[in-house]
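The residues making up each chain are set out below.
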Amino acid sequence: MQRNHLYHKVWVYLNSLTSVEDSDFTNLFTGKKPNEIVLRLDPNQIIEDDFLGAKIFWINEDNNLLLKIRKADKRRVLRPYLQHIHSVSDDLEDQKRDLKLYMNVVDNQKGRWRSAPFTHPSTFETIAMEADLKNKVKSDLESFLKAKQYYHRLGRVWKRSYLLYGPSGTGKSSFIAALANFLSYDVYDIGLSKVSDDSDLKLLLLQSTAKSVIVIEDLDRYLSEKSTASSLSGILNFMDGILTSSCGNERVMVFTMNGKDHVDPAILRPGRIDVHIHFPLCDFTAFKTLANNYLGLKDHKLFPQVEEIFQNGSSLSPAEIGELMIANRNSPSRALKSVINALQSEGDGRSSKSLDEGGETSGVFGKEGANAVKEFKKWYGLLRVKSSRKSQSLDLSSDQKEGG
Ligand SMILES: Nc1ncnc2c1ncn2[C@@H]1O[C@H](COP(=O)(O)OP(=O)(O)OP(=O)(O)O)[C@@H](O)[C@H]1O
Ligand SMILES: [Mg+2]
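Under an unreviewed UniProt entry, the protein chain has the name AAA+ ATPase domain-containing protein and belongs to Hibiscus syriacus. According to its UniProt record, the protein chain has this under Cofactor (unreviewed entry): "Mg(2+)". Listed under Catalytic activity (unreviewed entry) in UniProt, the entry text for the protein chain is "ATP + H2O = ADP + phosphate + H(+)".

Secondary structure assignment for the protein chain yields 15 helices and 13 strands. Relative to its 404 residues, the protein chain shows a buried fraction of 44%. Counting only contacts in the protein chain whose residues sit at least 6 apart along the sequence, the fraction spanning at least 24 positions is 69%. Accessible surface, the protein chain: about 22,300 Å² in total, of which carbon and sulfur atoms supply 50%.

The next point concerns the pairing of strand β1 (residues 27-30). Both faces of the sheet carry side chains from a regular strand, because those side chains alternate between them. Where β1 meets strand β2 (residues 37-40), four bridges bridge the pair, whose relative direction is antiparallel. Bridge pairing in β2 places Asn27 opposite Arg40. Between β1 and β2, which pair antiparallel in sequence order, lie six residues; one of them, Asn35, sits at a positive phi of approximately 65°.

Next up on the list: the layout of surface pockets. For the largest pocket, the calculated volume is near 960 Å³. Of all the secondary structure elements, the ones that give two or more residues to the lining of the largest pocket are α1 (5-16), β2 and α2 (71-96). Broken down by element, the lining of the largest pocket gets its largest block of residues, five residues, from α1. No fewer than three residues from each of domain 1 (5-96) and domain 2 (100-279 + 391-395) sit in the lining of the largest pocket.

This paragraph deals with the sheet that holds strand β4 (residues 54-61). Sheets are built from strands that pair by backbone hydrogen bonding, the pairs being arranged parallel or antiparallel. Across the sheet, three strands lie side by side as β3-β4-β5; this open sheet has antiparallel pairing. Edge positions in the sheet fall to β3 (46-51) and β5 (64-69), since each has one partner strand and no second. Ignoring strand direction, the axes of neighbouring strands in this sheet form an average angle of 25°. The pairing of β4 with β5 spans six bridges and is classified as antiparallel. Opposite Ile59, over in β5, you have Leu66 as the bridge partner. Helix-sheet contacts for α1 involve β3, β4 and β5, and the interaxial angle to β5 is about 70°.

For the rest of this paragraph, the subject is the domain arrangement of the protein chain. Per the domain assignment, the segments of the protein chain are domain 1 (5-96), domain 2 (100-279 + 391-395) and domain 3 (284-347). A C-alpha centroid distance of 36 Å is found between domain 1 and domain 2.

Quick look at the environment of Ile214 now. When you line up the elements, Ile214 lands in strand β10 (residues 212-216). Accessibility expressed as a relative area gives 2% for Ile214, which makes it buried. Residues Ile214 and Ser233, 19 residues apart in the sequence, show an inter-C-alpha distance of 18 Å. Filtering out sequence-adjacent residues up to four positions away, Ile214 remains in contact with Tyr188, Ile190, Leu205, Ser208, Phe238, Arg251, Val252, Met253 and Val254.

What follows covers the packing of helix α6 (residues 198-206) against helix α8 (residues 232-240). Across the interface, α6 lies against α8 with an axial gap of 9 Å and an inter-helix angle of 15°. In this view, α6 runs roughly parallel relative to α8, as classed from their interaxial angle. Where α6 crosses over α8, the handedness of that crossing is right-handed. Contacts between α6 and α8 involve Asp198, Leu201 and Leu205 from the first element and Ser233, Gly234, Ile235 and Phe238 from the second. Class assignment for the residues of the contact of α6 with α8 results in four nonpolar, two polar and one charged.

Moving on, we come to the nonpolar core. Among the nonpolar cores identified, the biggest contains 30 residues, and Phe175, Leu179, Val213, Val252 and Ile277 are the most heavily contacted of them. Listed by contribution, the elements that provide at least two residues to this core are α3 (131-146), β8 (159-165), α5 (172-183), β10, β11 (251-257) and β12 (275-278). Looking at this core, the element that brings in the most residues is α5, giving seven residues. In this structure, Tyr102, Tyr222, Val263 and Ile273 belong to the second largest nonpolar core, which totals 26 residues.

Moving on, we get to the site of ligand 1. In the region of ligand 1, 15 residues are neighbours, and Ala128, Ser168, Gly169, Ser173 and Ser174 sit closest. Backbone polar atom of Gly171 to a nitrogen atom of ligand 1: 3.0 Å apart, as the coordinates give it. Measuring from an oxygen atom of ligand 1, one finds a side-chain N or O atom of Tyr294 at 3.2 Å. In isolation ligand 1 exposes 630 Å². Once the protein is present, 74% of that is buried. For the shell around ligand 1, the secondary-structure elements that each account for two or more residues are α5, α10 (284-295) and α12 (318-327).

The next subject is the pattern of salt bridges. Applying the stated criterion to the full structure yields 12 salt bridges. Residues Arg221 and Glu225 are paired through a salt bridge, measuring 3.9 Å at the closest nitrogen-oxygen approach. Asp240 is the partner of Arg272 in a salt bridge, and the nearest nitrogen-oxygen pair spans 2.9 Å. Placement of the pair is Arg272 in the loop between α9 (265-268) and β12 and Asp240 in helix α8, with a sequence separation of 32 residues. Because the salt bridges share partners, they merge into one network encompassing Glu48, Asp50 and Lys55.

Attention shifts here to the pairing of β12. Here β12 shows two buried faces, one formed by Val275 and Ile277 and the other by His276 and His278. Pairing between β8 and β12: four bridges, direction parallel. Across the sheet, Leu163 pairs through a bridge with His276, a residue of β12.

Conventions adopted
- Residues numbered from 1 in each chain as written.
- Chains lettered and ligands numbered in written order.
- Predicted model: local features only at pLDDT ≥ 70, side-chain atom pairs only at ≥ 80, totals over all residues.
- Heavy atoms only, no water.
- UniProt positions renumbered as here; feature names shortened; annotations may be inferred.
- Helix = DSSP H or I, 4+ residues; strand = E, 2+ residues; numbered from the N terminus.
- Buried < 20%, exposed > 50% of the residue type's maximum accessible area, 1.4 Å probe, protein only.
- Contact = heavy atoms within 4.5 Å.
- Areas by Shrake-Rupley, 256 points an atom, 1.4 Å probe, with all protein chains shown as cover.
- Pairing = 2+ DSSP bridges.
- 1 Å grid on protein atoms, 1.4 Å probe; cavity = no way out; pocket = protein on both sides within 12 Å on 5 of 7 lines; lining within 4 Å.
- Points joined across faces, edges and corners; volume = space filled by probe spheres on them.
- Domains from an automatic or database assignment.
- Axes fitted to C-alpha atoms, helices over the stretch in contact; angles between N-to-C directions.
- Parallel < 35°, antiparallel > 145°, perpendicular 65-115°, else oblique.
- Left-handed = near helix turned anticlockwise from the far one by under 90°.
- Nonpolar A, V, L, I, M, F, W, Y, C, P; charged D, E, K, R; others polar.
- Core = buried A, V, L, I, M, F, W, Y, C linked by side-chain atoms within 4.5 Å.
- Near = heavy atom within 4 Å.
- Polar contact = N/O pair within 3.5 Å; in protein donor to acceptor, adjacent residues only side chain to side chain.
- Salt bridge = Lys/Arg side-chain N within 4 Å of Asp/Glu carboxyl O.

Shown next as structure tokens:
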């Protein structure tokens, strides 16, 4: 009287095969996602599959699934084939499940985390980001997902960590949501102010599940505060993930900062942070993505004018430009004019590009323009600029060499 789990897995697996579409007849259903239509195996449909060079047939006889393999192949492929179905259907189920957003709470009667459904609509398509960089990020994530065996052999914790840095409103948080949606991972958002001490931080990691994105926002701000509950070494241990009980647990860690120049280099050491991604203020390319997303505009007669203004530097974030577009969404021309006005008035005296005091650190500020200059001046008096050691980790920011 029990449900046959293998049957369910085979069913999920078969319905995912492209050969389902080869049937002359099929059943169509709406899926869970909006506008999703799914094909379902038709009764008496024969499905062909290929595995390790063997031809395999499945016949759906009134919902009994009949498997046919040639005798000569059976010994060799049957077990690995079933194993293959097992893991493919597990992956498919993972992708389907509803994502959750976890936040840590002070009251820890029922564990350290509280969850809510994670429904943030952000995707890599909606993020305004240089196309090349976006593709690099995607393929980096894909290769991470495939690297399970590799990490196992090395005895390393299977994780990948990203540092997102850039001024406010440049899409860092939206990027995290896009990342989670891309991977179909849950999000654990760690509020460091609610962490009582280093061991509490360990506990948070232990109580998180695999296939999750673990997020610490504004790490630089937190580290610069003197009176904080968790120490630098606590955070470093956390980043290394040495406490994850099982190495098979894939995790992605994301840290955000406004700027990384005043952060202890130990934090940024390769292996702790694998990928650095710079989020610049809005440029013309990002503007076009936003115009397309928010206003449905692929082109407009005012675009050349906007482009020209951007060439003189911009000091508006994508968030600020996005807001102007949303406010004027009923009239694209008005929206563009308000963007032009804002860029022109913000540009006055703010787009200073020279930054002599910056020395070796100035490269980072190149594109960030005035905000960053302000930011830099704020910090300059307070902190000694540490000589930034050459970082060997992957730096995906496209503009490291500019500026100065
Ligand atoms: N690069 C971008 N592409 C698309 N939308 C963006 C981008 N940057 C900002 N936005 C829009 O602006 C809003 C604010 O962005 P977001 O919260 O991601 O910025 P942030 O970098 O996390 O800022 P903060 O440092 O203040 O937390 C979002 O609603 C998002 O839609
Ligand atoms: Mg944010």
